[in-house]
There are 2 protein chains.
Amino acid sequence: MKFRIERVEGGICAVGGVRAYGVKEGKNGLAIVAGDLEENASAAGVFTANKVKAAPVKLTQARIEKCGRLAAIVANSGCANAFTGKEGLKNAELMAELVARRLGIPEEEVGVASTGVIGKQLDMRLIERQIKEVSEKLTSNAEGSVAAARAIMTTDTFPKETAIRIYDGESELRIGGIAKGAGMIFPHLATMLAFVWTDARLHKRELKDCLKSAVDRSFNMIVVDGDMSTNDMVLLVATGVKEASVEAFQQGLNYVCETLAKMIARDGEGATKFVEVHVRGAASYEDARTAARAVVRSPLVKSSIHGESPNFGRIVAAVGAAGVELDESRISIALEDISGVFGSVKLVSNGSPTVDVDHARRVMQTRELRIVVDLGVGAYEATAWGCDLSPEYVRLNL
Amino acid sequence: MKFRIERVEGGICAVGGVRAYGVKEGKNGLAIVAGDLEENASAAGVFTANKVKAAPVKLTQARIEKCGRLAAIVANSGCANAFTGKEGLKNAELMAELVARRLGIPEEEVGVASTGVIGKQLDMRLIERQIKEVSEKLTSNAEGSVAAARAIMTTDTFPKETAIRIYDGESELRIGGIAKGAGMIFPHLATMLAFVWTDARLHKRELKDCLKSAVDRSFNMIVVDGDMSTNDMVLLVATGVKEASVEAFQQGLNYVCETLAKMIARDGEGATKFVEVHVRGAASYEDARTAARAVVRSPLVKSSIHGESPNFGRIVAAVGAAGVELDESRISIALEDISGVFGSVKLVSNGSPTVDVDHARRVMQTRELRIVVDLGVGAYEATAWGCDLSPEYVRLNL
């Protein structure tokens, strides 16, 4: 089957029947995304692996497992509703109940997400007022998606949304999403949220498999399970309107998740540069993933990227410390300007430094850097994304 | 058996028969430590787990395994001799050979260590000249230990040495050591070196067990195996002069290793505060270690310590992300000023925030902070050490 993937405008509202909106007052924002569901609608979620799970994570995870569909998601920023005990759980339930009542949908079909300070109870009077305002302004226009994306921002510097259509010459599927990012420095403890909507009709189990596969190669390449925040979640809702080929849907979903994940990496706290690390020549896919994440996470590598210093020794050490199989005499490392302006340069060829320092420094002046590492032992590859480490990161987190 | 452990002056030269010295020219330093060995002398080492091992690591590891004793250690700073292929190995051998010839000892009884830039060959003319100078000035006076400790410094801001005597009322053992630190931010990719000498007589296998046990609770609580640099090593030489109780020796060695490890943590790159994290109430010793290291490593916790902000949410999230067993409703967290001046304050008691923010801020003004976390599920405990994260860290590593 042949199909084309094309970007379209409108963010999450590019999907038929989806309405969204959001408001923000100081640090406290609230967004609602709602969509008309067909009988065959389904929903899937991927949740933080943190042992301390926020109340909204517990609630939404349980609801998706139980009823397998979501008619609406309500998300607030400013307060994570994490480490808040029974009162926190009651408040998360109340958020869902308020939205369900306003929208006239079953309470168990409302998902809840939160991001912000840990260990503080929600201000439910504020939440109630914001739910009233946002639910009255829900719109299927593009502005609704932007407003929702903006409402869930914390230290993000720009709202994150994307949408595509998957076209096979006759009919089209749509997938749209919004996301918020976080301090991208490992261990990643700020909150990553992403909500993705599609008009595709897919069985609950298929949907979950597709989401897991897409998250593994996108959000999990900037954030590792074991180090997620108390509140991380990625939710995928399929409204069930259109028949879908799983293969086409998976490719489209991969594209949407990768796009949102890269936006989060690009907007890491204090970031001045975007970094893509591509590892190839690995003995296994797991090794390639591990090595790529190790390089993109290393504070020493990140610091030298900030300083525009072509320090290949730090890259070698990060890969070595990752514990993956490698051949020291066959490692190759190259730097590339993703935008193409400053070209590319080899730092190491088959284990020997080949640094043209002047050229390497020029390539590192780019704001979009790709590091390519060949481990020299196999045929597997993987890509991870991140950003540089600037003094601003520390200032943001004092 | 009763014994007392007392600090003594002299660093590594506090041990009978040990001579040391070092020189430093700009970034390039060289130190030699040498000691008279009895017939029953032994040596043990713990080496980096990095898959890319520096030439001196390969050489010294092989020699200790083969002949089980070291008459001298030569260490240079400025060039790590890592990722340097066959030429690197040849140069490491040559360093040992030059020292052996100067001191009239067997070549295979010389250990080699290096720290500095990765991927660069040693300047052997410089090394040869420095070996000549240092070997002529070796001394058993305290100044020899300081000179050696100073010669192996890289980004360290002070030389690190310590010595003790273990006294049972009749005879005494001595243990002395020097160390150098590194960027203490995880993943730890700069080099940690420590050389410890004792006049005790212990079997090679006993010595190795003692060293492993001491390193696990000291250097490994600031540096984790899988994330060590290409050059990390801890060497322990027993000259074999005095009979020793293994129990007394182990306690003394723990003390020396912990003292040197804390010095390294205190001198982390850009550090302005020293942090001790004590985890108790854990379900296992492994859990306690994992949780303590997770907290001490978290960039968000470290940033908030730098900002003197009592952010218990970040501590909870770091512990949760570590994947250890815990009871959210029984977690307790306290802050203590190690020096005692600013007192101590509870942040969380049995799962509930109890923050007296003003008091907590006062406690955090200390330069020596202890974070105590009770996981509320068991009886195991462990301690880890680190420092705050300051913008200066990034500047040092540009």
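Procedures and definitions
Each chain has its residues counted from 1, running along the sequence as written. Naming scheme: in the order in which they are written, chains are lettered from A and ligands are numbered from 1. Reporting in this predicted model follows two pLDDT cut-offs: at least 70 for local features of residues, and 80 or more for side-chain atom pairs to be given and counted; totals over whole chains, interfaces and linings ignore these cut-offs and use all residues. Secondary structure follows DSSP: runs of H or I at least 4 residues long count as helices, runs of E at least 2 residues long count as strands, and numbering of each begins at the N terminus. Radius of gyration means the value over C-alpha atoms here, while the globule rule gives 2.2 Å times the residue count to the 0.38 power. The burial criterion counts other C-beta atoms lying within 10 Å of a residue's C-beta, which is placed from the backbone; the residue is buried at 20 or more, exposed at 12 or fewer, and partly exposed between these limits. Contact criterion: two residues are in contact if their C-beta atoms, reconstructed from the backbone, are within 7 Å. An automatic or database domain assignment supplies the start and end points of every domain. Lines are fitted to the C-alpha atoms to define the axes, a helix being fitted only along its stretch in contact, and any angle between axes, read from their N-to-C directions, falls within 0 to 180 degrees. Angle categories: roughly parallel below 35 degrees, roughly antiparallel above 145, roughly perpendicular from 65 to 115, and oblique for all the rest. Handedness of a crossing is defined here by the sense of rotation of the near helix relative to the far one, left-handed for an anticlockwise turn of less than a right angle and right-handed for a clockwise turn. Gly is placed with the polar residues, together with every amino acid not listed as nonpolar (Ala, Val, Leu, Ile, Met, Phe, Trp, Tyr, Cys and Pro) or charged (Asp, Glu, Lys and Arg). Only when DSSP finds a minimum of two bridges between them are two strands counted as paired. Joining buried Ala, Val, Leu, Ile, Met, Phe, Trp, Tyr and Cys residues through C-beta atoms within 7 Å gives a set, and that set is a nonpolar core. The predictor reports its confidence for every residue as pLDDT, a score running from 0 up to 100. To be clear, the arc concerns the directions from the helix axis to the C-beta atoms.

K.L.:
What's the story with the overall build of chain A in this structure? I'm lost.
P.N.:
Scanning chain A for helices and strands turns up 11 helices and 16 strands. Against the globule reference of 21 Å for 398 residues, chain A gives a C-alpha radius of gyration of 21 Å, in line with a compact fold. Dimensions of chain A, computed from the C-alpha atoms along their principal axes, are close to 65 × 55 × 35 Å. Every one of the 398 residues in chain A was classed for burial, and the buried ones make up 62%. A separation of at least 24 residues holds for 80% of the contacts in chain A among residues at least 6 apart in sequence.

K.L.:
How should I be thinking about the domain arrangement of chain A in this particular structure?
P.N.:
Quoted interface sizes are often the accessible area lost when the parts come together. By domain assignment, chain A separates into domain 1 (4-263) and domain 2 (274-396). Between the C-alpha centres of domain 1 of chain A and domain 2 of chain A there is a distance of 32 Å.

K.L.:
Explain the packing of helix α2 (residues 85-103) of chain B against helix α3 (residues 124-137) of chain B to me, please; I cannot follow it from the model alone.
P.N.:
Think of two packed helices as two axes; the pair is described by the angle between the axes and how far apart they sit. Residue and element names in this part refer to chain B. With their axes 10 Å apart at the nearest point, α2 and α3 run at an angle of 25° to one another. Considering their axes alone, α2 and α3 lie roughly parallel with respect to each other. For the pair α2 and α3, the sense of crossing is right-handed. Facing α2, whose interface residues are Asn91, Leu94, Met95, Leu98, Val99, Arg102 and Leu103, α3 presents Met124, Ile127, Glu128, Ile131, Lys132 and Ser135. Class assignment of the residues belonging to the contact of α2 with α3 gives a composition of eight nonpolar, two polar and three charged.

K.L.:
What exactly am I supposed to notice about the sheet that holds strand β9 (residues 193-201) of chain A here?
P.N.:
Through backbone hydrogen bonds, the strands of a sheet pair up, either in parallel or in antiparallel fashion. All names here are of chain A. Taken together, six strands build an open sheet; the order of strands is β1-β7-β8-β9-β10-β4 and the sheet is mixed. Sheet topology places β1 (4-7) and β4 (42-47) at the edges, where each strand pairs with a single neighbour. Neighbour-to-neighbour, the strand axes of this sheet turn through a mean angle of 20°, independent of strand direction. Across eight bridges, the pairing between β9 and strand β10 (residues 233-243) is parallel. Opposite Arg201, over in β10, you have Glu243 as the bridge partner. Strand contacts of helix α1 (residues 55-67): β4 and β10, with the helix running at about 140° to β4, the strand carrying the most contacts. Helix α4 (residues 142-151) rests against β7 (160-167) and β8 (172-180) of the sheet, and its axis sits at about 135° to β7.

K.L.:
It is not clear to me how the environment of Ala318 of chain A should be interpreted in this structure. Could you clarify?
P.N.:
Residue and element names in this part refer to chain A. Turning to its location among the elements, Ala318 is positioned in helix α9 (residues 312-321). Among the residues examined, Ala318 registers 27 C-beta atoms within 10 Å and is labelled buried. Spatially, the C-alpha atoms of Ala318 and Ile164 are 36 Å apart, while their sequence positions differ by 154 residues.

K.L.:
Help me out: how do you make sense of the nonpolar core in this one?
P.N.:
Side chains of a nonpolar character, in soluble globular proteins, are inclined to be buried together. Membership of the largest hydrophobic core comes to 280 residues, with the highest contact counts inside it found for Val33, Ala291 and Val295 of chain A together with Val33, Ala291 and Val295 of chain B. Sequence-distant contacts of Ala291 of chain A, that is, excluding residues within four places in its chain, are made with Val279, Ala282, Val319, Ala322, Val324, Val373 and Leu375 of chain A.

K.L.:
Looking at this model, I keep getting lost on the sheet that holds strand β14 (residues 352-353) of chain A. Mind explaining?
P.N.:
Residue and element names in this part refer to chain A. Strand order in this open sheet of six strands is β14-β13-β12-β15-β11-β16, and the pairing throughout is mixed. With one partner strand each, in any of the chains shown, β14 and β16 (380-387) form the two edges of the open sheet. Here strand β11 (residues 274-282) runs beside strand β15 (residues 368-374); their pairing, made up of seven bridges, is parallel. Across the sheet, the residue bridging to Phe274 is Glu368, located in β15. Helix α6 (residues 246-266) contacts β11 and β16 of the sheet and is inclined by roughly 45° relative to β16. Lying over the sheet, helix α10 (residues 357-364) contacts β12 (332-337), β13 (344-349) and β15, oriented at roughly 125° with respect to β13.

K.L.:
Where do I start with the environment of Ala75 of chain B in this structure?
P.N.:
Residues and elements named next belong to chain B. Topologically, Ala75 is positioned in strand β5 (residues 72-79). On the basis of neighbour count, Ala75 is assigned to the buried category, with 28 C-beta atoms found within 10 Å. C-alpha of Ala75 to C-alpha of Gly22: the two residues are 53 residues apart in sequence and 9.1 Å apart in space. The residues touching Ala75, leaving out its near neighbours within four places in the chain, are Ala31, Ala113, Ser114, Ile152 and Leu193.

K.L.:
I keep staring at the confidence of the model for chain A and nothing clicks. Help me out?
P.N.:
The predicted coordinates of low-pLDDT regions are not to be read in fine detail. Residue and element names in this part refer to chain A. In the predicted model, chain A carries a mean pLDDT of 90, and the fraction of residues at 70 or more is 95%. Ranking the elements of chain A by mean pLDDT puts helix α11 (residues 391-396) last, at 71, and helix α3 (residues 124-137) first, at 98. Across residues 184-189, where pLDDT falls below 50, the model places 29 contacts with residues more than four positions away in sequence or in other chains. Across the interfaces of the predicted complex, the ipTM metric reaches 0.72, alongside a pTM of 0.81.

K.L.:
Is there a simple way to think about the pairing of strand β8 (residues 172-180) of chain B in this case?
P.N.:
The side chains of a regular strand alternate, first on one face of the sheet and then on the other. Residues and elements named next belong to chain B. Within β8, eight of the nine residues are buried, which leaves the element mostly enclosed by the surrounding structure. Here eight bridges tie strand β7 (residues 160-167) to β8, and the two strands are oriented antiparallel to one another. Bridging across to β8, Arg165 finds its partner in Arg174. In textbook terms, the turn of a hairpin is the stretch between consecutive antiparallel strands, and for β7 and β8 this stretch comprises four residues, one of which, Gly169, has a positive phi near 100°.

K.L.:
In this structure, what is going on with unusual backbone geometry? I would like to understand it.
P.N.:
Residue and element names in this part refer to chain A. If you check the backbone angles, Phe83 has positive phi at about 60° while not being a glycine. Along the chain, Phe83 turns up in the loop between β5 (72-79) and α2 (85-103). What makes Phe83 buried here is the crowd of 25 C-beta atoms within 10 Å.

K.L.:
Mind showing me how you'd approach α10 of chain A here?
P.N.:
Because each turn of an α-helix spans 3.6 residues, side chains separated by three or four positions in sequence point in the same direction. All names here are of chain A. For α10, the set of buried residues is Ala360, Val363 and Met364. Seen from one end, α10 has its buried residues packed into an arc of 100°, which puts them on one side. As for α10, its buried residues are in contact with α8 (299-306), β12, β13 and β15.

K.L.:
Before we go on, may I ask you to explain the environment of Ser284 of chain B in this structure?
P.N.:
Residues and elements named next belong to chain B. Counting through the fold element by element, Ser284 comes out in the loop between β11 (274-282) and α7 (285-297). Given 15 C-beta atoms within 10 Å, Ser284 falls into the partly exposed group. Put simply, Ser284 and Ala382 are 98 residues apart on the chain and 9.8 Å apart in space, counted from C-alpha to C-alpha. Each residue touching Ser284, except ones within four places of it in the same chain, is listed here: Gly378 and Tyr380.

K.L.:
Explanation requested: the packing of helix α5 (residues 204-216) of chain B against helix α6 (residues 246-266) of chain B in the structure shown.
P.N.:
All names here are of chain B. Interaxial distance between α5 and α6 falls to 9 Å at its minimum, and their mutual angle equals 40°. In this view, α5 runs oblique relative to α6, as classed from their interaxial angle. At the point where α5 passes α6, the crossing takes the right-handed sense. Across from Glu206, Cys210, Ser213, Ala214 and Val215 in α5, the residues of α6 making contact are Val246, Phe249, Gln250, Leu253, Asn254 and Cys257. Residues belonging to the contact of α5 with α6 are distributed by class as follows: seven nonpolar, three polar and one charged.

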